[in-house]
Amino acid sequence: MIEIINLTTKLYVEAGNLLILKASPKSIDLSYISTAFKSASIVQTVLNLYRQIVCCLNGRLSKSWDIGMKKHQYLICSLAVVTALAGCQQESEDVAEKQQAAEAASTQVDTKEVVVSKVEQEEVRKAHNPIDDHTYGNLHEVDLKHLDLDLTVDFEAKSLKGYVDLSFDRLQDEVSELILDTRDINVSKVELNQNEQWVAGEFELAEKDEVMGSKLTIQLEDGVNKVRVYYATQPQASGLQWLTPEQTDGKKHPFMYSQAQAIHARSFVPVQDSPAVRITYNATIRTPKELLAVMSAHNEPDTELDGEYHFEMPQAIPTYLIAIGVGDLKFKAMSDRTGVYAEPAILDAAVAEFDDTEDMVKVTEDLYGPYRWGRYDLLILPPAFPYGGMENPRLSFITPTVIAGDKSLVNLIAHELAHSWSGNLVTNANWHDFWLNEGFTSYVENRIMEELFGRERALMEQSLAVQDLRQAVQDLPEEYTVLNVDLKGADPDDAFSTVPYTKGQMFLVWLEEKFGREVFDAFLVKYFDHFAFQSITTEQFKAYLKENLLNKHPDIVSEEEINTWIHEPMLPEMMPNPTSDAFNIVDAKTKQLLSGEITLAELGTKEWTVHEWLHFINNLPTNMSNDDMMAMDAEFKLTESTNNEIAHAWLLLSLRSGYEVVMPRLENYLISIGRRKLIVPLYKQLMETEQGAEFAKRVYKVARPGYHPLAQATLDEVVK
Ligand SMILES: [Zn+2]
């Protein structure tokens, strides 16, 4: 028994769910247990068990191990831990003294703070992994190849339950562990596949790190290249949202979907959760019979509803692209290879809005080479989805807030589709290189828009994006305005901004202008092909750029300029400043309007596109008088706009100008939409005044349960 105890430093306790902590000798402090469980009775149980171990030091354990312990309700603690805890030495023979020390330790339970400091945790993270410091995974020892998932979707418990088989190659001779990432996952059992037989395996789940989650370490035996982890997700899984029927369009059935980027796959699959890892996967998903499951895999358009669905994803993808959606979904084809999954009530509107999708695929193939993923479908999510879209391969997840009735916001589809080349095919190896995904994608998106809708619209979209970017860099910490951003120790979600998107895009627009479109297009085609199905770093990109563009066309662009773009903060002076003739006209008219030369009716808005409206509203002074706001509202019905982007811009201007007529509309807007881009700036603006803050707090209280965990996390920091 003592031997077993000496081998480990683990502490297992059951508290409702099976919670497993790892207490290192350094951090063994009963206050940690107290903080973690906030339950006196459990703390007491733990203390009693500690006392029993202290007894065990003197050979008096006898049957106390078995007292009151159920199957997985047990405690193992190392001799080192126990002696540290008890404040006495191992060789001491005096049981009474040890018991006294344990008693003394127990009295500290409620008074001490958590021992593991944030700084310490960040140091551990920094030191961990040269490839990707947002994973615990031992990527240098093990090459994860394939997952087989078998999961049941339990809406009542808000949990995915079942197992995952992880198949891997060993990269070194001596590999004794498989280390995975998890967050808020209950692991019940691990098995090793040994000579085609499943045998019990040993594992330990570490205490939870605020950003990284909990490291899951599985002991490997010789020759084992596949392990099975039985697990259940918890309702607070950061990568899943569970919606009640009331939160859906149809109001009859629940809905569940995942959002794994950046590091949330670990909250619903124990995996080496890094974009440097590429896996194929198969899945069996069990749902209530009346619901359909879809995944970022091959989805069969005419799937019958039967509550059991099988998926295959034969192309190797990074783990953040594992995705699932379950709900009352119907499918409608838009072409042989494109279609829409949506709740029945919005299916037709979505198909009408997005019926250019096939043309978008063709145009992108003409520009950058074949689409390599088979089908390209869209899944329309409920309005709580915190993003505009997510490029899950073969099946982009899309917010319904872009269904405007006039295709004015379909650049979002162009964006998600573009990821099929930049991001999904050629992937950032870690989150410091995120701009490789988003800068390239924003550039490709805009090229698709230009091909389909013309140069003027493409320029308007560039110009709006650059206006946003210029504002964003004023508000961001300077270090987050660097393209190749340093995220060591930070949560990638915290650094999320328009910088990797639009600054990255402008870098590529600048390269295009320097080398000419023909040369740059040819370079991109080769780049996507050369790195297809690989995850690369900024340094790899720079080396490829140098060899294949800079050196082949010398004296056009210097390496110094490239480094300024990629490694310097803020916006370089050489950044292109896209202008559009249409916007120039809007600017001139606005000037005339503000100086009283023309009336609202003479503004000439009849033919304005959504983009011109956005440009107009975004560039009005923020101290408009109430009379002027009211007159504009009466003329253009802006408070009632059903275009979510226009409504957003108008509501923001109204708050800045103190135009309170919009408040009921604002309340409704904030409660019905969960897309962060549209709601976070409004909450931030509200918090600027005392009265606004009161309004924000009241509305947020109502709206919060309907928001995704990501939006909740962002807004909890804003509305407080
Ligand atoms: Zn994107």
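Note: the structure precedes this text.
The shown structure was predicted, so the numbers you read here are calculated from the model rather than taken from an experiment.

A.B. asks: I'd like a description of the packing of helix α8 (residues 357-368) against helix α10 (residues 434-453), backed by residues and values.
C.D. replies: Axis separation between α8 and α10 bottoms out at 10 Å; the angle between their running directions is 115°. Looking at the two axes, α8 sits roughly perpendicular to α10. Our pair here, α8 against α10, has a crossing hand that is right-handed. Across the interface between the two elements, Asp359, Met360, Val363, Thr364, Leu367 and Tyr368 from α8 touch Val444, Arg447, Ile448, Glu451 and Leu452 from α10. Looking at side-chain class alone, the contact of α8 with α10 contains seven nonpolar, one polar and three charged residues.

A.B. asks: Explain α8 to me, and be specific about the residues and the numbers.
C.D. replies: Taking 1.5 Å per residue as the helical rise, α8 with its 12 residues ought to reach 16 Å, and the 16 Å between its terminal C-alpha atoms agrees with that figure. Those residues of α8 that sit buried are Thr357, Met360, Val361, Thr364 and Tyr368. With its buried residues spanning 100° around the axis, α8 presents them on a single face. Backbone geometry just downstream of α8 places glycine 369 in the positive-phi region, at approximately 100°.

A.B. asks: Give me the environment of phenylalanine 397: which residues, what numbers.
C.D. replies: Residue position: phenylalanine 397 is located in strand β21 (residues 395-398). Not counting residues up to four positions away in its chain, the partners in contact with phenylalanine 397 are Tyr257, Ala323, Gly325, Leu379, Leu381, Phe385, Gly389, Met390 and Asn392.

A.B. asks: Got a sec to walk through the sheet that holds strand β8 (residues 203-205)? Specific residues and values, please.
C.D. replies: Across the sheet, which stays open at both edges, the three strands sit in the order β5-β9-β8 with antiparallel pairing between neighbours. Sheet topology places β5 (177-182) and β8 at the edges, where each strand pairs with a single neighbour. With direction set aside, neighbouring strand axes in the sheet form an average angle of 15°. In terms of strand pairing, β5 meets strand β9 (residues 214-219) through six bridges, oriented antiparallel. Residue pairing across strands places aspartate 181 opposite lysine 215, the latter belonging to β9.

A.B. asks: Explain the pairing of strand β11 (residues 240-243) residue by residue, including any values.
C.D. replies: Sheet faces and side chains relate simply in a regular strand, where the side chains alternate between the two faces. Of the two faces of β11, the one lined by Leu240 and Trp242 and the one lined by Gln241 and Leu243 are each fully buried. Of the pairings in the sheet, the one linking β11 to strand β12 (residues 255-258) comprises four bridges and is antiparallel in character. Along β12, the bridge assignment pairs leucine 243 with phenylalanine 255.

A.B. asks: Residues and numbers for the packing of helix α11 (residues 455-475) against helix α17 (residues 610-618), please.
C.D. replies: Running from N to C, α11 and α17 cross one another at 30°; their axes reach a closest spacing of 10 Å. Relative to α17, the element α11 lies roughly parallel. Between α11 and α17 the crossing geometry is left-handed. Across the interface between the two elements, Arg457, Met460, Glu461, Leu464 and Gln467 from α11 touch His611, Leu614, His615 and Asn618 from α17.

A.B. asks: Which residues make up unusual backbone geometry, and what are the values?
C.D. replies: The omega torsion of the bond from glutamine 261 to alanine 262 falls at 0°, within 30 degrees of zero and hence cis. Position of alanine 262 among the secondary structure elements: in the loop between β12 and β13 (278-286). Positive phi is not limited to glycine here, since asparagine 195 has a value of about 50°. Looking at the element boundaries, asparagine 195 is found in the loop between β6 (185-194) and β7 (197-200). On the neighbour-count criterion, asparagine 195 (7 C-beta atoms within 10 Å) is exposed. For phenylalanine 533, which is not glycine, the phi torsion reads 60° and is therefore positive. Among the secondary structure elements, phenylalanine 533 is positioned in the loop between α13 (517-530) and β23 (534-536). Look at phenylalanine 533 and you get partly exposed, because 13 C-beta atoms sit within 10 Å.

A.B. asks: So, helix α19 (residues 644-657): which residues are in play, and what are the values?
C.D. replies: Taking 1.5 Å as the rise per residue, α19 with 14 residues should run 20 Å; its terminal C-alpha atoms sit 20 Å apart, in good agreement. Along α19, the residues classified as buried are Asn644, Glu645, Ala647, His648, Ala649, Trp650, Leu651, Leu652, Leu653, Ser654 and Leu655. Of the surrounding elements, those touching the buried residues of α19 are α17, α18 (626-636), α20 (663-672), α21 (676-686) and α22 (690-703). Trailing α19 by a residue or two, glycine 658 shows a phi angle of about 70°, which is positive.

A.B. asks: Give a description of the nonpolar core that names residues and reports values.
C.D. replies: One finds Leu379, Ile380, Leu651 and Leu682 to be the most contacted residues of the largest nonpolar core, which totals 168 residues. Of all the elements, α10 adds the most residues to this core, at eight residues. With residues up to four places along the chain from it excluded, the contact list for isoleucine 380 reads Val340, Tyr341, Ala342, Ile346, Ala350, Ile398 and Pro400.

A.B. asks: Break down the environment of tyrosine 376 for me, with residues and values.
C.D. replies: Locating tyrosine 376 in the fold gives a position in strand β19 (residues 376-380). Sequence-wise, tyrosine 376 and asparagine 392 are 16 residues apart; in three dimensions their C-alpha atoms are separated by 10.0 Å. Ignoring anything within four residues of it in the chain, the contact list for tyrosine 376 reads Arg337, Thr338, Thr357, Val361, Tyr371, Arg394 and Leu417.

A.B. asks: I'd love a proper account of the sheet that holds strand β20 (residues 389-390), names of residues and values included.
C.D. replies: The mixed open sheet is built from five strands, whose spatial order is β17-β18-β19-β21-β20. The outermost strands of the open sheet, each flanked by one partner alone, are β17 (330-333) and β20. Here strand β18 (residues 338-342) pairs with β19 via four bridges, running parallel. Of the residues in β19, the one forming a bridge with threonine 338 is tyrosine 376. Each of β17, β18 and β19 is contacted by helix α7 (residues 344-353), which is oriented at about 150° to β18, the strand it contacts most.

A.B. asks: How would you summarise the pairing of β18 if you had to cite specific residues and measurements?
C.D. replies: Of all five residues that make up β18, five are buried, and the element is covered over most of its length. Neither face of β18 is left uncovered, since the one carrying Thr338, Val340 and Ala342 and the one carrying Gly339 and Tyr341 both have all their residues buried. In this structure, β17 lies alongside β18, joined through four bridges in antiparallel fashion. Residue pairing in the sheet places lysine 330 in a bridge with alanine 342 of β18. Where β17 hands over to β18, the hairpin turn is made up of four residues, counted between the paired strands.

Reading the values: the criteria
Residues numbered from 1 in each chain as written. Predicted model: local features only at pLDDT ≥ 70, side-chain atom pairs only at ≥ 80, totals over all residues. Axes fitted to C-alpha atoms, helices over the stretch in contact; angles between N-to-C directions. Helix = DSSP H or I, 4+ residues; strand = E, 2+ residues; numbered from the N terminus. Parallel < 35°, antiparallel > 145°, perpendicular 65-115°, else oblique. Left-handed = near helix turned anticlockwise from the far one by under 90°. Contact = placed C-beta atoms within 7 Å. Nonpolar A, V, L, I, M, F, W, Y, C, P; charged D, E, K, R; others polar. Expected span 1.5 Å × (residues − 1). Buried ≥ 20, exposed ≤ 12 C-beta atoms within 10 Å, placed from the backbone. Arc of directions from axis to C-beta. Pairing = 2+ DSSP bridges. Core = buried A, V, L, I, M, F, W, Y, C linked by C-beta atoms within 7 Å.

Functional significance is not addressed by these values, which are geometric in nature.
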